[in-house]
Amino acid sequence: MTSPADPTTASSGSSAADPARASSGAAPAAATVTRVTVLGTGVLGAQIAFQAAYTGSDVVAYDIGEEQLAVARARFDGLAATYLTPQGLPGATEQSTQEALGRVRFTADLAEAVADADLVVEAVPESLDLKRDLYGRLAPLLPERTIVATNSSTLLPSDLVDSTGRPDRFLALHFANLIWVNNTAEVMGTPATSPEAFRTVVEFARGMGMVPIELRKEQPGYVLNSLLVPLLNAASALLVKGVADPETVDTTWRIGTGAPFGPFQIMDVVGLRTVHAVSVAGGPEGRAFAEMIQRDYLDRGATGRESGEGFYSYPAADAE
Ligand SMILES: NC(=O)c1ccc[n+]([C@@H]2O[C@H](COP(=O)([O-])OP(=O)(O)OC[C@H]3O[C@@H](n4cnc5c(N)ncnc54)[C@H](O)[C@@H]3O)[C@@H](O)[C@H]2O)c1
């Protein structure tokens, strides 16, 4: 849905103003990443690990205990099956998905998980304290060369960097849910991130089949959510104020911009629980919208596209 229409033109590339380039203007060398450790095997961690393995990396998937790893194994099997469906990855085969599964090793031992990692991607719950604690324990275990990337959606890498012990080799690498479809990977460093680490992660993302989106400075919400959130807020305000219904808003947006989806269709894909959680933390219009979502949708189990029912109805085969 959010994939650029033409991935070949979507990467921001680099320019002389780009901090990810050496001051000489020459592109810094990117190290090759072949060994990847993913910390956290939840919704995004599993997708990142599986896609990295699918594209040839040797992957270690780490989580806090055997119970979580059992859930993770089922998740990975589910991803392998999903890749073969029409909603999956074009060209995926039984062989390619099984080979990907064969490149993933699971462990609940942090030291062992990172002992030979070129790159560690952190995808643990969105909690500042939890992430900082993890980075603190990670620091003495990492090989010198290892680059560490956070997939955090709302924390800036600057919020975390002092707990990593490697400011020059730390940055954000942010994927979107359903990463094989919504295949942007936003790369965002801190002022301390080295150009080499930045380029290494950009090239790793490209090798994973992502369209790397290079941010030149830190920005809450990266590029995508900096654009999307104001759009969704404006749409919900039109509904709350009684100006227009969801179909009218979406039709206007689609015809006026040529976009394939309107904001309420996007909210159905994001999921109404998430939309509710974000709205409830907003201003008066946001809270009124959250109340409406709770009363008219969530209370009757309509959580958006995943449940088959949200602002729109989706046939069972279409629900994700
Ligand atoms: N879900 C999304 O759509 C989405 C999209 C982009 C980015 N993100 C970001 O990805 C990160 C993870 O989100 P998620 O939705 O995958 O979360 P999730 O709750 O689905 O998964 C988190 C996983 O981390 C594990 N975990 C908990 N504590 C841990 C620790 N100390 N060490 C290692 N693993 C630990 C949990 O057992 C769980 O398996 C967050 O920072 C979030 O902002 C999420």
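Bear in mind that the values here come from a model prediction, so they are computed numbers and not experimental data.

Draft legend 1. Structural context of helix α6 (residues 128–138). Burial in α6 covers these residues: Lys131, Leu134, Tyr135 and Leu138. Taken end-on, α6 shows its buried residues confined to a sector of 100°, consistent with a single buried face. Where α6 is buried, its residues contact β1 (35–39), α5 (110–114), β4 (119–122), β5 (147–150), α7 (157–160) and β6 (170–175).

Draft legend 2. Summary view of the packing of helix α12 (residues 272–280) against helix α13 (residues 284–296). Two elements in contact, α12 and α13, have axes whose closest approach is 8 Å; the angle formed by their N-to-C orientations is 150°. Of the possible angle classes, the one that applies to α12 and α13 is roughly antiparallel. The two elements α12 and α13 meet at a crossing, and its hand is left-handed. For the pair formed by α12 and α13, the contact residues are Leu272, Val275, His276, Ser279 and Val280 on the first element and Gly286, Arg287, Phe289, Ala290, Ile293 and Gln294 on the second. Residue composition of the contact of α12 with α13, by class: six nonpolar, four polar and one charged.

Draft legend 3. Representation of the environment of methionine 267 within the structure. Positionally, methionine 267 belongs in helix α11 (residues 263–270). Judged by relative accessible area, which is 1%, methionine 267 ranks as buried. Between the alpha carbons of methionine 267 and valine 38 there is a distance of 28 Å; along the sequence they are 229 residues apart. The residues touching methionine 267, leaving out its near neighbours within four places in the chain, are Leu232, Ala235, Ser236, Leu272, Val275, Phe289 and Phe311.

Draft legend 4. Representation of the site of the ligand within the structure. By nearness alone, 23 residues border the ligand, and Val43, Leu44, Asp63, Glu126 and Lys131 come closest of all. Interatomic distance of 2.7 Å between a side-chain N/O atom of aspartate 63 and an oxygen atom of the ligand. Interatomic distance of 3.4 Å between a backbone N/O atom of valine 124 and an oxygen atom of the ligand. Coverage of the ligand by the protein chains reaches 77% of its 830 Å² of free accessible surface.

Draft legend 5. Expanded view of unusual backbone geometry. One non-glycine residue, leucine 178, lies in positive phi territory at about 60°. In the Ramachandran plot, tyrosine 222 falls in the positive-phi region, its phi being about 55° despite a non-glycine side chain.

Draft legend 6. Here's a closer look at helix α8 (residues 195–207). Taking 1.5 Å of rise per residue, the 13 residues of α8 would be expected to cover 18 Å, and the 18 Å separating its terminal C-alpha atoms lies within 8% of that figure. Within α8, the full set of buried residues consists of Ala197, Phe198, Arg199, Thr200, Val201, Val202, Phe204 and Ala205. Positive phi appears at glycine 209, one or two residues downstream of α8, with a value of about 90°.

Draft legend 7. Structural detail: the nonpolar core. Ranked by size, the top nonpolar core spans 43 residues in total, and within it Ile48, Phe50, Phe76, Leu173 and Phe175 carry the most contacts. Considering every element that reaches this core, the biggest residue donor is helix α2 (residues 43–54), with eight residues. In this structure, phenylalanine 175 is in contact with Leu44, Ile48, Asn151, Thr184, Ala185, Met208 and Met210, ignoring residues within four places of it in sequence. Core analysis: the second largest hydrophobic core is formed by 21 residues, Val249, Leu298, Tyr312 and Tyr314 among them.

Draft legend 8. Highlighting the pattern of salt bridges. Taken as a whole and assessed by the stated rule, the structure comprises 15 salt bridges. Of the charged contacts in the structure, one is a salt bridge between glutamate 126 and lysine 131, with a shortest N-O distance of 3.6 Å. For glutamate 203, the salt bridge goes to arginine 199, with nearest N and O atoms at 4.0 Å. Placement of the pair is glutamate 203 and arginine 199 together in helix α8, with a separation of four residues, close to one helical turn. Taking the relative accessible area as the measure of exposure, arginine 199 reaches 8% and is therefore buried. In this structure, a network of salt bridges that share partners links the residues Arg35, Asp116, Asp118 and Arg145.

Criteria and thresholds
- Going along each chain's sequence as written, the residues are numbered from 1 onward.
- With pLDDT at 70 or above as the cut-off, local features in this predicted model cover only qualifying residues; side-chain atom pairs require 80 or more to be listed or tallied, and sums for whole chains, interfaces and linings still use all residues.
- With hydrogens and water stripped out, all remaining heavy atoms of the structure feed into the side-chain values.
- Three labels apply to residues, based on accessible area from a 1.4 Å probe with only protein chains included: buried if under 20% of the type maximum, exposed if over 50%, partly exposed otherwise in between.
- Helix and strand definitions here come from DSSP, where helices need a minimum of 4 consecutive H or I residues and strands a minimum of 2 consecutive E residues; each element is numbered from the N-terminal end.
- Summarising the geometry, the arc corresponds to the directions from the helix axis toward the C-beta atoms.
- When checking whether two residues touch, look at their non-hydrogen atoms; a contact exists if any pair is within 4.5 Å.
- Orientation is described by axes fitted as lines to C-alpha atoms, over the contacting stretch for helices, and by angles from 0 to 180 degrees between their N-to-C directions.
- Here the word oblique covers every angle except those under 35 degrees (roughly parallel), over 145 (roughly antiparallel) and from 65 to 115 (roughly perpendicular).
- Crossings are classed by handedness, with left-handed meaning an anticlockwise turn of the near helix from the far one by less than a right angle and right-handed meaning a clockwise turn.
- Here the nonpolar group is Ala, Val, Leu, Ile, Met, Phe, Trp, Tyr, Cys and Pro; Asp, Glu, Lys and Arg are the charged ones; every other residue, Gly included, is treated as polar.
- Being near a molecule or strand, for a residue, comes down to having at least one heavy atom within 4 Å of it.
- Each polar contact in these results corresponds to two N or O atoms within 3.5 Å; when the atoms are within protein, one needs to be able to donate a hydrogen and the other to accept it, and residues that are neighboring in sequence are counted only if both atoms are side-chain atoms.
- Only the protein chains shown count as covering a residue, and every accessible area follows the Shrake-Rupley method with a 1.4 Å probe.
- The span you would expect from a helix comes to 1.5 Å times its residue count less one.
- Only buried residues count toward a nonpolar core, which is a set of Ala, Val, Leu, Ile, Met, Phe, Trp, Tyr and Cys residues joined through side-chain atoms within 4.5 Å.
- Salt bridge, as used here: a side-chain nitrogen of Lys or Arg that lies within 4 Å of a carboxyl oxygen of Asp or Glu.

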